[in-house]
Amino acid sequence: AVAGIAAGAVLIVLVRITGPATDGWTGGIAGLVYLAGIGAMAAATLLPLRLALGPRRVILAASYGIAVLCVAIGAALGILALSGWGPIVAAWDVSRAAHGWLNVFGFLSLVIGASLIHLLPTVAGSRIERTRTSMVVLGALMVGPLTAATGFLVRADLVVMAGSLLVLVGAVALALHA
């Protein structure tokens, strides 16, 4: 899984560096290698959770599943732009914002939040507790970035603001939870 992501990333960088010397198909193929790595990582992450015990399994699986979905959609937007796909290139002003939100807030922040909520108590030697605050963190970070990215793509500022507010609520709740 990691090798696929790394190979795809290297290919994408090479396509980007060579620029005009490559055609759109080259960027698309490089992107597909990256997305295949993301798919393998999703399977390696989510399939073992089917055997996990306890009520937290569902929310943990949902958190990581949505994080992977966000990075896959965000990467797909970038790959389509790199490939020169007209509709994405023409709307790159909003597609780029959605791409960034999905990767940074949808993937990175959600993985960090879910990991802190579920692993930090173990490291500290305490019990993992399902609190209201932890549910607010995960709920807001699962919904907020997808909402904001959708708002960017459809050019709906109120939807972007709603998604942004949810991410802010999730971040504040995470700070309070820690």
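These figures come from a predicted structure and were not determined experimentally. (Residues numbered from 1 in each chain as written. Predicted model: local features only at pLDDT ≥ 70, side-chain atom pairs only at ≥ 80, totals over all residues. Heavy atoms only, no water.)

Chemist: What is the right way to read the overall build of the chain from this model?
Modeler: Of the regular secondary structure elements, the chain holds seven helices and zero strands. Counting helices and strands in the order they occur from the N terminus, the chain gives α-α-α-α-α-α-α. For the chain, the C-alpha atoms occupy an extent of roughly 55 × 40 × 20 Å along the three principal directions. Evaluated residue by residue, the chain yields a buried proportion of 34% over its 178 residues. (Helix = DSSP H or I, 4+ residues; strand = E, 2+ residues; numbered from the N terminus. Buried < 20%, exposed > 50% of the residue type's maximum accessible area, 1.4 Å probe, protein only.)

Chemist: Looking at this structure, how should I read the nonpolar core?
Modeler: Soluble globular proteins tend to pack their nonpolar side chains together in the buried interior. Counting 26 residues, the largest nonpolar core has L110, V137 and L138 as its most contacted members. Other than its neighbours up to four places away in sequence, L138 contacts I59, S63, L110, G113, A114, I117 and H118. By size, the runner-up hydrophobic cluster in this structure holds eight residues, among which are I38, V71, A75 and I79. (Core = buried A, V, L, I, M, F, W, Y, C linked by side-chain atoms within 4.5 Å. Contact = heavy atoms within 4.5 Å.)

Chemist: Just checking my understanding: could you explain the side chain of S134 for this structure?
Modeler: Within the secondary structure, S134 sits in helix α6 (residues 132-153). A distance of 2.8 Å separates the side chain of S134 from the backbone oxygen of T131, its partner in a polar contact. Sequence-distant contacts of S134, defined by excluding residues within four places in its chain, comprise I117, E129 and H177. (Polar contact = N/O pair within 3.5 Å; in protein donor to acceptor, adjacent residues only side chain to side chain.)

Chemist: I keep staring at the packing of α6 against helix α7 (residues 157-177) and nothing clicks. Help me out?
Modeler: If you want to describe how two helices pack, look at the angle between their axes and the distance between the axes. Close contact between α6 and α7 brings their axes to 7 Å; oriented N to C, the two are set at 155 degrees. Here α6 is positioned roughly antiparallel relative to α7, judged by the angle of their axes. Helix-helix and strand crossings are classified by hand; for α6 and α7 the assignment is left-handed. In the contact of α6 with α7, the residues fall into 15 nonpolar, nine polar and no charged. (Axes fitted to C-alpha atoms, helices over the stretch in contact; angles between N-to-C directions. Parallel < 35°, antiparallel > 145°, perpendicular 65-115°, else oblique. Left-handed = near helix turned anticlockwise from the far one by under 90°. Nonpolar A, V, L, I, M, F, W, Y, C, P; charged D, E, K, R; others polar.)

Chemist: What is the right way to look at the packing of aromatic side chains in this model?
Modeler: For any two aromatic rings, the description comes down to two numbers: the centre-to-centre distance and the angle of the planes. Going through the model one piece at a time under the given rule, you end up with two aromatic pairs. Ring centres of W101 and F105 lie 4.4 Å apart, and the angle between their planes is 40 degrees; this geometry places the pair in the tilted category. One end of the pair, W101, and the other, F105, are both in helix α5 (residues 92-124), four residues apart, so they sit about a helical turn from each other. For F105, a relative accessible area of 29% gives the class partly exposed. Measuring from centroid to centroid gives 6.2 Å for W101 and F152, while their planes differ by 50 degrees, and the two rings are tilted. With a gap of 51 residues between them, W101 in helix α5 and F152 in helix α6 connect regions that are remote in the sequence. A relative accessible area of 17% places W101 in the buried class. (Phe/Tyr/Trp six-rings, centres within 6.5 Å; stacked < 30°, edge-to-face > 60°.)

Chemist: Is there a simple way to think about unusual backbone geometry in this case?
Modeler: Among all residues save glycine, negative phi is the norm, and among peptide bonds the norm is trans. Despite not being glycine, R155 shows a phi value in the positive range, around 60 degrees. Following the sequence through the fold, R155 ends up in the loop between α6 and α7.

Chemist: Even after reading the chapter, I still don't get the environment of I29, so can you show me in this structure?
Modeler: Note that I29 resides in helix α2 (residues 24-46). Through-space distance from the C-alpha of I29 to that of V136 is 39 Å; in sequence the pair is 107 residues apart.

Chemist: Please explain the environment of A6 as it appears in this structure.
Modeler: With respect to the helices and strands, the residue A6 is situated in helix α1 (residues 2-18). Each C-alpha atom of the pair A6 and G37 lies 7.9 Å from the other, and the pair is 31 residues apart in sequence.

Chemist: Before we go on, may I ask you to explain a nonpolar patch on the surface in this structure?
Modeler: Taken together, the side chains of V104, L108, I112, L116, L120 and V123 make up a nonpolar region of the molecular surface, amounting to roughly 530 Å² of accessible area. On the basis of relative accessibility, which here comes to 43%, the residue I112 falls in the partly exposed class. (Patch = residues over 30% accessible without salt bridge, like charges linked within 9 Å, V, L, I, M, F, W, Y side chains within 5 Å. Areas by Shrake-Rupley, 256 points an atom, 1.4 Å probe, with all protein chains shown as cover. Salt bridge = Lys/Arg side-chain N within 4 Å of Asp/Glu carboxyl O.)

Chemist: Would you mind going over the packing of α5 against α7 with me for this structure?
Modeler: With their axes 11 Å apart at the nearest point, α5 and α7 run at an angle of 25 degrees to one another. Considering the angle they form, α5 stands roughly parallel to α7. Between α5 and α7 lies a crossing whose hand is left-handed. Two secondary-structure elements touch here, α5 through W101, F105, G113, L116 and I117 and α7 through S164, V167, L174 and H177.

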